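# Structural description and commentary
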Amino acid sequence: MGFLDILLGRTKAVAPDLDQLFGLPSAAVTLEAAAGFKPTGTGAVCFASVEGGAFAQAHREVQELLDADAERTGPPVEVSRDGYGYSWLVSRREPDDLPALVSDLHAVNSALEGSGFGPQLLCSVAGFQDGGQRRLGLVYLYKRGTFYPFAPLAGETQRRDNALELQVKAALADDLRIEQDLSRWFPIWGAPGL
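Residues numbered from 1 in each chain as written. Predicted model: local features only at pLDDT ≥ 70, side-chain atom pairs only at ≥ 80, totals over all residues. Heavy atoms only, no water.

### What about helix 2 (residues 24-35)?
Formally: Here a helix means four or more residues in a row that DSSP labels H or I, a strand means two or more in a row labelled E, and each is numbered from the N terminus. In a helix, the anticipated span is given by 1.5 Å times the number of residues less one. In this scheme, a residue with accessible area under 20% of its type's maximum is buried, one over 50% is exposed, and one in between is partly exposed, where area comes from a 1.4 Å probe on protein chains only. Picture the helix axis, draw a direction to every C-beta atom, and the arc is the one those directions span. We call two residues contacting when some pair of their heavy atoms lies within 4.5 Å.
With twelve residues, helix 2 ought to run about 16 Å at 1.5 Å a step, and its terminal C-alpha atoms sit 15 Å apart, in line with that. Among the residues of helix 2, Leu 24, Ala 27, Ala 28, Leu 31 and Ala 35 are the ones counted as buried. The buried residues of helix 2 occupy one face: seen down the axis, they fall within an arc of 110°. Projecting away from the buried face of helix 2 at angles above 90 degrees are the exposed residues Val 29 and Ala 33. Contact partners of the buried residues in helix 2: strand 1 (38-48), helix 4 (98-117), strand 4 (121-129), strand 5 (135-141), strand 6 (146-150) and helix 5 (162-171). The positive-phi residue at the C-terminal boundary of helix 2 is Gly 36, with phi of around 80°.

### Section: the environment of Ala 54
Mapped onto the fold, Ala 54 is located in helix 3 (residues 53-67). In the structure, Ala 54 is positioned 63 residues away from Phe 117 in sequence and 9.5 Å away in space, judged by C-alpha atoms.

### Some words on the sheet that holds strand 1
We count it as follows: A pair of strands counts as paired when DSSP detects no fewer than two bridges linking them. Axis lines are fitted to C-alpha atoms, over the contacting stretch for helices. Their N-to-C directions set the angle, which ranges from 0 to 180 degrees.
Ordered in space as 2-3-1-4-5-6, the six strands form an open sheet in which the pairing is antiparallel. Lying at the two open borders of the sheet, with one neighbouring strand each, are strand 2 (78-81) and strand 6. Ignoring strand direction, the axes of neighbouring strands in this sheet form an average angle of 25°. Docked against the sheet, helix 4 engages strand 1, strand 3 (86-92) and strand 4, running at close to 10° with respect to strand 1. Sheet strands in contact with helix 5 are strand 5 and strand 6, and its direction is about 145° off that of strand 6.

### Here's the deal with the pairing of strand 5
With six of its seven residues buried, strand 5 lies for the most part within the structure. Taken together, strand 4 and the strand that follows it, strand 5, pair antiparallel across an intervening segment of five residues, in which Gln 133 is found at a positive phi of about 70°. Here strand 5 runs beside strand 6; their pairing, made up of five bridges, is antiparallel. Each bridged residue has a counterpart across the sheet, and for Gly 137 the counterpart in strand 6 is Phe 150.

### What about the pairing of strand 3?
Counting buried positions along strand 3 yields five of seven residues, so the element is predominantly enclosed. Pairing analysis gives seven bridges linking strand 1 to strand 3, with the strands arranged antiparallel. Residue pairing for strand 3: Thr 42 is matched across the bridge by Arg 92. From the end of strand 2 to the start of strand 3, which pair antiparallel, there are four residues, and Gly 85 there has a positive phi angle of about 90°.

### Considering the pattern of salt bridges
How we decide: When a carboxyl oxygen of Asp or Glu lies within 4 Å of a side-chain nitrogen of Lys or Arg, that pair is called a salt bridge.
This structure, assessed with the given rule, holds eight salt bridges. Here Lys 38 makes a salt bridge to Glu 32, at a shortest N to O gap of 3.8 Å. Relative accessible area serves as the criterion here: at 47%, Lys 38 is assigned to the partly exposed category. Between Glu 179 and Arg 144 there is a salt bridge, with its nearest N and O atoms 2.8 Å apart. With Glu 179 in the segment after helix 5 and Arg 144 in the loop between strand 5 and strand 6, the pair connects residues that are 35 residues apart, well separated along the chain. Owing to a relative accessible area of 3%, Glu 179 belongs among the buried residues under this scheme.

### Here's the deal with the nonpolar core
The test is simple: We define the nonpolar core as a collection of buried residues of types Ala, Val, Leu, Ile, Met, Phe, Trp, Tyr and Cys that are connected through side-chain atoms lying within 4.5 Å of one another.
One finds Leu 31, Trp 88, Phe 128 and Ile 188 to be the most contacted residues of the largest nonpolar core, which totals 53 residues. The greatest single-element share of this core, amounting to eight residues, is contributed by helix 4. If sequence neighbours within four positions are ignored, Ile 188 has contacts with Trp 88, Cys 123, Val 125, Val 139, Tyr 148, Phe 150 and Leu 194.

Bear in mind that shape data such as this cannot, by itself, settle questions of function.
Below, the structure is given as structure tokens:
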């Protein structure tokens, strides 16, 4: 970064580090101890859909790769579209098999990135729930290389539990690279598994 960049307040973009996803299993242990949240076994990768044969082929290959997993006991990987027009590739695993779910999320991101569709990747999310049925998603921002908690309020229309999100931020500060700019904690209403 040059002197003018510093003077003008420009920052260097953070390169995605998909290996950060592998920190989720240890963060889940901390999250359960600190707030009582356990994995739901559902995770998803969100991306902006692109029209064209190359993207459709890459998308098909990713789905075939994950569906070919012989150890998968649940339904195959699903594709859904939210009300905002974004596509979600959803993986479901046993709740106690978070490492396999993280591997699925990593594989989807890596395959799309390797096919040249990294700019379309937006985020990945792993779902958690506590005994009182509160929901929580740990969201990985692909373009920032950071995580943030997203806690929609049960029964509420598009309202968040900000206190819980800040509690989780503090609890996971040593386990995950947490996004410090709270304005980047985008709501992911309608995300599968939340």
